[in-house]
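Secondary and tertiary structure notes
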Amino acid sequence: PNLLQLPVFSFSDAGGNNNGVADPGEPLVLTVPLTNQTASAATNVTLAVAGGGSVNVGTINPGGSASPQVNYT
């Protein structure tokens, strides 16, 4: 709960028509940066996107960040 989603997320539609626009029904890969601005390690971090997939991120150290990728259609 203390992780921030910073900066904004991005996506790739390379698995679809690769035109840089998210189209209905097109498979996307979302990159969601997560930043831990606390003094404690965030352990067992999982990213889940409603209507999409999920990914186990693991541990994000204090002041650290991770940019997991998750599939979404």
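Placed above this text is the structure.
Counting of residues starts from 1 at the beginning of each chain's written sequence and follows it residue by residue. Reporting in this predicted model follows two pLDDT cut-offs: at least 70 for local features of residues, and 80 or more for side-chain atom pairs to be given and counted; totals over whole chains, interfaces and linings ignore these cut-offs and use all residues. The basis for every side-chain value is the complete set of non-hydrogen atoms in the structure, without hydrogens or water.

Some thoughts on the pairing of strand S5 (residues 42-48)
Across five bridges, S5 lies against strand S6 (residues 54-60) in antiparallel orientation. Its bridge partner being in S6, valine 45 is matched across the sheet by glycine 58. The hairpin turn running from S5 into S6, its antiparallel successor, is five residues long, and glycine 51 in that turn takes a positive phi close to 80°. A pair of strands is treated as paired once DSSP finds two or more bridges between them. Each helix corresponds to a stretch of at least 4 residues labelled H or I by DSSP, and each strand to a stretch of at least 2 residues labelled E; elements are numbered beginning at the N terminus.

Remarks on the environment of proline 62
Inspection of the secondary structure puts proline 62 in the loop between S6 and strand S7 (65-66). Distance in space between the C-alpha atoms of proline 62 and valine 49 is 24 Å, their sequence separation being 13 residues. The residues touching proline 62, leaving out its near neighbours within four places in the chain, are Asn36, Thr38, Ala39, Ser40 and Ala41. Every residue pair with non-hydrogen atoms within 4.5 Å of one another is taken to be in contact.

Considerations on the sheet that holds strand S2 (residues 10-12)
Two orientations exist for strands paired in a sheet by backbone hydrogen bonds: parallel and antiparallel. Pairing is antiparallel across the open sheet formed by three strands, whose spatial order is S2-S3-S8. The open sheet has two edge strands with one neighbour each: S2 and strand S8 (69-72). Pairs of neighbouring strands in the sheet enclose a mean axial angle of 30°, with direction left out of account. Here strand S3 (residues 28-31) runs beside S8; their pairing, made up of four bridges, is antiparallel. Axes here refer to lines fitted to C-alpha atoms; in helices the fit is confined to the stretch in contact. Angles between the N-to-C directions go from 0 to 180 degrees.

Quick notes on the environment of proline 33
As for its position among the elements, proline 33 is in the loop between S3 and strand S4 (34-36). Only protein chains enter the accessibility calculation, which uses a 1.4 Å probe; a residue is then buried when its area is under 20% of its type maximum, exposed when over 50%, and partly exposed in between. Here proline 33 falls in the buried class, since its relative accessible area comes to 9%. Between the C-alpha atoms of proline 33 and alanine 66, which are 33 residues apart in sequence, the distance is 5.7 Å. Proline 33 has contacts with Leu4, Gln5, Leu6, Pro7, Val8, Phe9, Ala66 and Ser67, leaving out every residue within four places of it along the chain.

A short note on the sheet that holds S4
Here three strands make up an open sheet; going across it, the order is S1-S4-S7 and the pairing antiparallel. Lying at the two open borders of the sheet, with one neighbouring strand each, are strand S1 (3-4) and S7. Pairing analysis gives two bridges linking S1 to S4, with the strands arranged antiparallel. Bridged to leucine 4 within S4 is threonine 35.

Some details on the side chain of threonine 31
Relative to the assigned elements, threonine 31 resides in strand S3. By the criterion applied in these results, polar contacts are pairs of N or O atoms within 3.5 Å in which, for protein atoms, one can donate a hydrogen and the other can accept it, and in which residues neighboring in sequence qualify only through two side-chain atoms. Of the polar contacts made by the side chain of threonine 31, one reaches the side chain of glutamine 69; its length is 3.2 Å. If near-sequence neighbours (up to four positions away) are discounted, threonine 31 is found in contact with Phe9, Ser10, Ser67, Pro68 and Gln69.

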